[in-house]
Structure formats: structure tokens, C-alpha cells
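Fold and contact review
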Amino acid sequence: MYEGPVQDLIDELGRLPGIGPKSAQRLAFHILAADSDEVMRLADTLKLVKNTVKFCEVCFNVAEENRCRICRDPRRDQTAICVVEESKDVVAVERTREFRGRYHVLGGAISPIDGIGPDELRIRELMPRLADGAVTEVILATDPNLEGEATATYLTRLLKPMGLRITRLASGLPVGGDLEYADEVTLGRAFEGRRAVDDQ
Ligand SMILES: [Zn+2]
């Protein structure tokens, strides 16, 4: 244990995902030793992002206005929604240029170990978007790992009775990883080769 603010910094950093106690300590001492301007710039950026960036009221992608750039764009295809776990997955799919529809960002994936069930995700908010019949295809583009699979299976069961075309990305994505780690050619191919989900 360190004194006061140093320990506070280690504790705060240790709360970030993927940062264990050792990494938190290493980062804290990096910050302590770093140039003051550099650290202030980081602090300012953190404040700015929390004060100005919000989540789109329609799809929950990050947005600088009430609606994100994609939801505001009238040229986007209104008949297809691509469901992803995080905003970073929107960026990954956009990079492939294979999709011209809109998105729905769940805010994670079902993971009983981490206490994340369907109610912790933006699934409830997806339903009204599918209610008026304008959307005909829902593409489930969750990560190719256990949690992503569980989430896609849950959504398939939920959405199938609504008579929509439910598709999943073709196999070929690196299994166990995040969607964002797939290169754009591989992800683009998986998108192009997406298949309707069989009844489960
Ligand atoms: Zn949006």
C-alpha cells in the first residue's frame, strides 16, 4: 500500500477492464514520472469525453448529439439492423463497407459469470425498433466467443417469432476473439456470407 493519492490512483486504474494490480501500479508510476503537460492533457481528454460524448438515443452508439451520425443519415438502409456488442464493433463493421443499414449496440454480451444477463443489455430497447415492420433483417454480429454466441442464441429465440430474417456472420472469424480484432477483409467476407439462422 502506498500513501494517499498514489494508492487512490492505483485503485482507480485497477478498476479499468483488463488492468490487474501489477499493471495498475506500473501505469500509476508512469503517470507520476510523466511530463505534467502530458498528464494534464490526458485528464482534460477524460473530462471532455465524459462531458460531451453521449450515447445515441436510438441505437446506443457513441454520439455527439442525441442521435449518432448513422441514425441521422437518411441514406442508410432502414430495413436492416446490425446488432453488435460495443460501439467499437460499429467502427469495425463500418470499415468493411459491406453494410449500409443501421446498428443496435447492446452494451456487452450475456455472461452469467460476470452477472450480466439480458436485462443488463439494451435488448428491451431493440424491440420497439422492430415493431413497425420497417425492419426486415436483423444481423447478429456479436463477438465469436462464448458470450457472443450465448447472446446471439438468446436473441434468435426472442426475435424469430417476429417473422424477421435473422442472420449471423459467416464462420471464418477468429474464434474466441473480439469482432474488432478481425481484419476488415475477413470481417467483410463474413458479412457478405451471412446466413439465415435455422430454427433452434
Ligand atoms: Zn444511432
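Our subject is the structure listed above.
Attention here is on the structure that accompanies the text.

Conventions we followed
- Residues numbered from 1 in each chain as written.
- Predicted model: local features only at pLDDT ≥ 70, side-chain atom pairs only at ≥ 80, totals over all residues.
- Heavy atoms only, no water.
- Phe/Tyr/Trp six-rings, centres within 6.5 Å; stacked < 30°, edge-to-face > 60°.
- Helix = DSSP H or I, 4+ residues; strand = E, 2+ residues; numbered from the N terminus.
- Buried < 20%, exposed > 50% of the residue type's maximum accessible area, 1.4 Å probe, protein only.
- Axes fitted to C-alpha atoms, helices over the stretch in contact; angles between N-to-C directions.
- Parallel < 35°, antiparallel > 145°, perpendicular 65-115°, else oblique.
- Contact = heavy atoms within 4.5 Å.
- Nonpolar A, V, L, I, M, F, W, Y, C, P; charged D, E, K, R; others polar.
- Salt bridge = Lys/Arg side-chain N within 4 Å of Asp/Glu carboxyl O.
- Pairing = 2+ DSSP bridges.

1. What about the packing of aromatic side chains?
Enumeration according to the criterion identifies 3 aromatic pairs in this entry. Taking the centre distance of 5.3 Å and the plane angle of 65° together, the rings of Tyr2 and Phe29 count as edge-to-face. Placement of Tyr2 in the segment before helix 1 (4-14) and of Phe29 in helix 2 (residues 21-33) is noted, with a sequence separation of 27 residues between them. The interplanar angle of 75° and the centroid separation of 5.3 Å between the aromatic rings of Phe99 and Tyr103 together place this pair among those described as edge-to-face. By relative accessible area, Phe99 is classed as buried at 6%. Taken together through their ring pairs, the aromatic side chains of Phe99, Tyr103 and Phe191 make up a single cluster.

2. Quick look at the packing of helix 5 (residues 87-96) against helix 8 (residues 184-192)
For any two helices packed against each other, one specifies the crossing angle of their axes together with the interaxial distance. The geometry of helix 5 relative to helix 8 is characterised by a closest axis approach of 8 Å and an angle of 85° between their N-to-C directions. When the axis of helix 5 is compared with that of helix 8, the two are roughly perpendicular. Together, Ala92, Val93, Arg95 and Thr96 of helix 5 and Glu184, Leu187, Gly188 and Phe191 of helix 8 make up the contact between the two elements. Tallied by class, the residues present in the contact of helix 5 with helix 8 amount to 4 nonpolar, 2 polar and 2 charged.

3. Overview of the pattern of salt bridges
Tallying each qualifying case throughout the model produces 10 salt bridges. Ionic pairing is found between Arg15 and Glu12, a salt bridge with its closest N-O pair at 2.9 Å. One network of salt bridges, with partners in common, ties together Glu137, Arg165 and Arg194.

4. Some thoughts on the side chain of His104
Mapped onto the secondary structure, His104 falls in strand 4 (residues 102-105). Classification of His104 by relative accessible area gives buried; the value is 0%. When neighbours within four sequence positions are excluded, His104 is seen to be in contact with Val58, Cys59, Phe60, Ile81, Cys82, Val83, Val84, Arg122, Glu125, Leu126 and Arg129.

5. Examining the sheet that holds strand 4
Strand order across the open sheet formed by 5 strands is 4-3-5-6-7, with mixed pairing between neighbours. Both outer strands of the open sheet, strand 4 and strand 7 (195-196), are each paired with one neighbouring strand and no more. In terms of strand pairing, strand 6 (residues 165-168) meets strand 7 through 2 bridges, oriented antiparallel. Residue pairing across strands places Arg168 opposite Arg195, the latter belonging to strand 7. Against the sheet, helix 5 engages strand 3 (80-84) and strand 4, with an angle of about 155° to strand 4.

That is the geometry; function is a separate question.
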